[in-house]
Amino acid sequence: MSWQFASDAPSDSNFLADEISARENLIKGFLDEQTYLQSRIVFLRKEIEREQDLIKSQGTESSLTELEKLKRILGLSEITGKGLEVTLNDSPIAVRQGEDISSKGLIQAADIRDVVNLMNAASADAISVNGQRIIASSPISSVGTTILVNNSYISPPFVVSAIGDPEIMIQRLSNRAALPELYKRVQESKVSMKVSLREWVRIPIYNGDLKYNYINLVE
Amino acid sequence: MDPRKIYILVVAILLGIFVVAQNKSFNKLDVLSRDGKSNVFQEIQILKEKNLSLKSEMDDLEANLKLLTSQGDALKAIDDEIKRYTKISGQSPIFGPGFYIKFEGKITTPWLVDFINELWSTGAQAVAVNGIRITNETVGFDSLPQGQVLLNGSILSSPFVIEVIGESSTILGNIEVGGGILQRMKAALPGMKVSYERKDIIQMQ
């Protein structure tokens, strides 16, 4: 009888496993929805551009030229050109899942922010991180050991792609004083950083939302 | 050996150990403590809010596409889109409700980058630092050899006044939370003074 009770009662570890599984399913559901919404937004922006090209051919040149300029500024047009890629990776012995965020073997969101800021300071024309277009309001943050760019999950290796003057960008990246913590961890072989010059880099259009409901134009 | 000398030696050794430990803990404050420690509830909340924003953006784009494809409304759709993008591009002066936050004392470039990142992350719609609006065309933060902060080719000095347009309660609530960005900055930058004020109207160029 007592054995029967013991085997029927759910153990704490079962509860924990169920809770983890429910949490993973919930997060997966949100991520699937996010992927769908982002691809739909890219599709709609391309469709809008196609329609606008049609209208342009019918002769409303001036306002469309202004719109195209604004889209370029806001990261709503794809850009290709000469540039570089910075690949940041965790230590081969570090395991991101279950690891403590303060592990020196993990690339931190702050490392990516610093590299992106450095590319901006080097007047890069366009930047992306693992295919996520970076605009002025793009947050680069972390939840536990997961890194989010534009509030979307990204996994290592983290590739910062930038279009701009490669010489200026390389010069900035080579300055150890600009990235002291990252260089220190690279030197200790805790993490890795690789910079590659590229003749052709493609930066995709921004696939997120643009918030403006609190902003008014001074007429 | 004189017991007094032994005593001084022991105190000196203990002091040495304390200084090394202190130094190590300050070093640890650098990159590893710049990001906050979030939990699973925050993770789910971020995903939920992100998807709601994406859904709203998708609805706007669908409405815009519909207008563009209907003969008489196409030009209006283009004008609306220009107006919308002008608000966020930094090409025209803007105003809106929000707040300003003032930092007095020495602040390093990474902490300014982190603070502004946190503002965007918590819903800021427009941000300016000492009168320089942060847009896609702003040249990023830089440090000069003497430690001054450079933004868009201008040297910034204390006080650093950051103006924000957006939902003040949500943004301030998030940055002030225990373990949040303000607490982390105060821990890393002793002596820094912080004050803020909500405003009905914040103007930016």
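Note that the coordinates shown come from a computational prediction; the quantities given were computed from them, not determined experimentally. (Residues numbered from 1 in each chain as written. Chains lettered and ligands numbered in written order. Predicted model: local features only at pLDDT ≥ 70, side-chain atom pairs only at ≥ 80, totals over all residues. Heavy atoms only, no water.)

### Here we look at the overall build of chain A
Tallying secondary structure elements over chain A gives six helices and nine strands in all. Here the contacts in chain A between residues at least 6 apart in sequence split such that 74% fall between residues at least 24 apart. Of the roughly 11,100 Å² that chain A leaves accessible, carbon and sulfur atoms contribute 52%. (Helix = DSSP H or I, 4+ residues; strand = E, 2+ residues; numbered from the N terminus. Contact = heavy atoms within 4.5 Å. Areas by Shrake-Rupley, 256 points an atom, 1.4 Å probe, with all protein chains shown as cover.)

### A few points about the pattern of salt bridges
Residue and element names in this part refer to chain A. For the coordinates displayed, the defined rule picks out 15 salt bridges over all chains. Here Asp32 and Lys28 are joined by a salt bridge, their closest N and O atoms 2.9 Å apart. A residue pair is termed a helical-turn pair when its members lie 3 or 4 positions apart in one helix, as Asp32 and Lys28 do in helix α2 (residues 12-57) at four residues. With a relative accessible area of 49%, Lys28 lands in the partly exposed category. (Salt bridge = Lys/Arg side-chain N within 4 Å of Asp/Glu carboxyl O. Buried < 20%, exposed > 50% of the residue type's maximum accessible area, 1.4 Å probe, protein only.)

### As for the sheet that holds strand β4 (residues 140-143) of chain A
Whether parallel or antiparallel, the strands of a sheet pair through hydrogen bonds between backbone atoms. Residues and elements named next belong to chain A. Overall, antiparallel pairing links the three strands, which are arranged β4-β5-β6 in an open sheet. The open sheet has two edge strands, β4 and β6 (152-154), and neither has a second partner. Sheet twist, expressed as the mean angle between neighbouring strand axes with direction ignored, is 40°. Each of β4, β5 (146-149) and β6 touches helix α4 (residues 109-121); the most contacted strand, β4, lies at about 175° to it. (Pairing = 2+ DSSP bridges. Axes fitted to C-alpha atoms, helices over the stretch in contact; angles between N-to-C directions.)

### Observations regarding the packing of α4 of chain A against helix α5 (residues 166-174) of chain A
Residues and elements named next belong to chain A. Running from N to C, α4 and α5 cross one another at 135°; their axes reach a closest spacing of 9 Å. One finds that α4 runs oblique with respect to α5. For α4 against α5, the interelement crossing comes out right-handed. Counting all contacts with α4, which are made through Val115, Leu118, Met119 and Ala121, the residues of α5 involved are Met169, Arg172 and Leu173. Here the contact of α4 with α5 is composed, by residue class, of six nonpolar, no polar and one charged. (Parallel < 35°, antiparallel > 145°, perpendicular 65-115°, else oblique. Left-handed = near helix turned anticlockwise from the far one by under 90°. Nonpolar A, V, L, I, M, F, W, Y, C, P; charged D, E, K, R; others polar.)

### Remarks on the interface of chain B and chain A
Contacts between the two partners involve 70 residues from chain B, matched on the other side by 75 residues from chain A. Counting each side, the surface lost to burial between chain B and chain A is near 6,800 Å², with a carbon and sulfur contribution of 65%. Applying the counting criterion to the chain B and chain A interface returns four salt bridges. Residues Asp114 of chain B and Arg113 of chain A are paired through a salt bridge, measuring 2.8 Å at the closest nitrogen-oxygen approach. For the pair chain B and chain A, the interface holds 21 residue pairs in polar contact (both at pLDDT 80 or more). Elements that contribute at least two residues to the side of chain B that touches chain A include exactly α2 (40-69), α3 (74-89), β1 (94-104), α4 (109-121) and β4 (141-143) of chain B. With 20 residues, the single largest contributor to the side of chain B that touches chain A is α2 of chain B. Classifying every residue of the side of chain B that touches chain A by side-chain character gives 29 nonpolar, 22 polar and 19 charged. In this sheet, β1 of chain B lies alongside strand β9 (residues 216-217) of chain A in antiparallel orientation, the contact comprising two bridges. The partner of Asn216 of chain A across the bridge, within β1 of chain B, is Phe95 of chain B. (Buried area = accessible area lost by both parts, 1.4 Å probe. Polar contact = N/O pair within 3.5 Å; in protein donor to acceptor, adjacent residues only side chain to side chain.)

### What to know about α3 of chain B
Quick reminder: α-helices carry 3.6 residues per turn. Residues three or four places apart thus point the same way. Residue and element names in this part refer to chain B. End to end, α3 covers 22 Å across 16 residues, agreeing with the expected 22 Å (1.5 Å per residue, within 8%). Every buried residue of α3 is accounted for by Ala74, Ala77, Ile78, Glu81, Ile82, Arg84, Tyr85, Thr86, Lys87, Ile88 and Ser89. Following α3 by one or two positions, Gly90 has its phi on the positive side, about 90°. (Expected span 1.5 Å × (residues − 1).)

### Here's the deal with the domain arrangement of chain A
Residue and element names in this part refer to chain A. When cut into domains, chain A gives domain 1 (12-70) and domain 2 (78-203). Here the C-alpha centroids of domain 1 and domain 2 sit 23 Å apart. If you look at the interface, domain 1 gives four residues, while domain 2 gives four residues. Broken down residue by residue, the surface that domain 1 buries against domain 2 is led by Leu31, Gln34 and Gln38, which jointly contribute 72%. Summed over the shared surface of domain 1 and domain 2, the result is zero salt bridges. At the boundary of domain 1 with domain 2, the tally comes to three residue pairs in polar contact (both at pLDDT 80 or more). Tallied by class, residues from the side of domain 1 that touches domain 2 come to two nonpolar, two polar and no charged. (Domains from an automatic or database assignment.)

### Considering the confidence of the model for chain B
In regions of low pLDDT, the predicted coordinates are not meant to be interpreted in detail. On average, residues of chain B score 83 in pLDDT, and 82% of them reach the 70 mark or higher. What the predictor reports for the complex is a pTM of 0.79 with an ipTM of 0.80. (pLDDT = per-residue confidence, 0-100.)

### Considerations on the nonpolar core
Leu210 of chain A together with Ile78, Tyr85, Ile94, Ile165 and Met204 of chain B are the most contacted members of the largest nonpolar core, which has 32 residues in total. Those elements that provide at least two residues to this core are α2 and α3 (61-74) of chain A together with α2, α3, β2 (126-129) and β8 (193-204) of chain B. For this core, the leading source of residues is α3 of chain B, giving six residues. Every residue in contact with Ile94 of chain B, bar those within four places of it in the chain, is listed here: Ile215, Asn216, Leu217 and Val218 of chain A together with Lys87, Ala126, Arg133, Ile165, Ile202, Gln203 and Met204 of chain B. With 31 residues, the next largest nonpolar core counts Val113, Leu119, Ile132 and Val149 of chain B among its residues. (Core = buried A, V, L, I, M, F, W, Y, C linked by side-chain atoms within 4.5 Å.)

### Focus on the domain arrangement of chain B
Residues and elements named next belong to chain B. Examined at the domain level, chain B breaks down into domain 1 (1-89) and domain 2 (93-199). In this complex, domain 1 contributes eight residues to the contact, which on the side of domain 2 involves 10 residues. Contact between domain 1 and domain 2 buries roughly 750 Å² in total, counting both sides, with carbon and sulfur atoms accounting for 47%. Taken together, domain 1 and domain 2 are joined by zero salt bridges. Linking domain 1 with domain 2 are one residue pair in polar contact (both at pLDDT 80 or more). Of the residues belonging to the side of domain 1 that touches domain 2, the class tally is two nonpolar, three polar and three charged.

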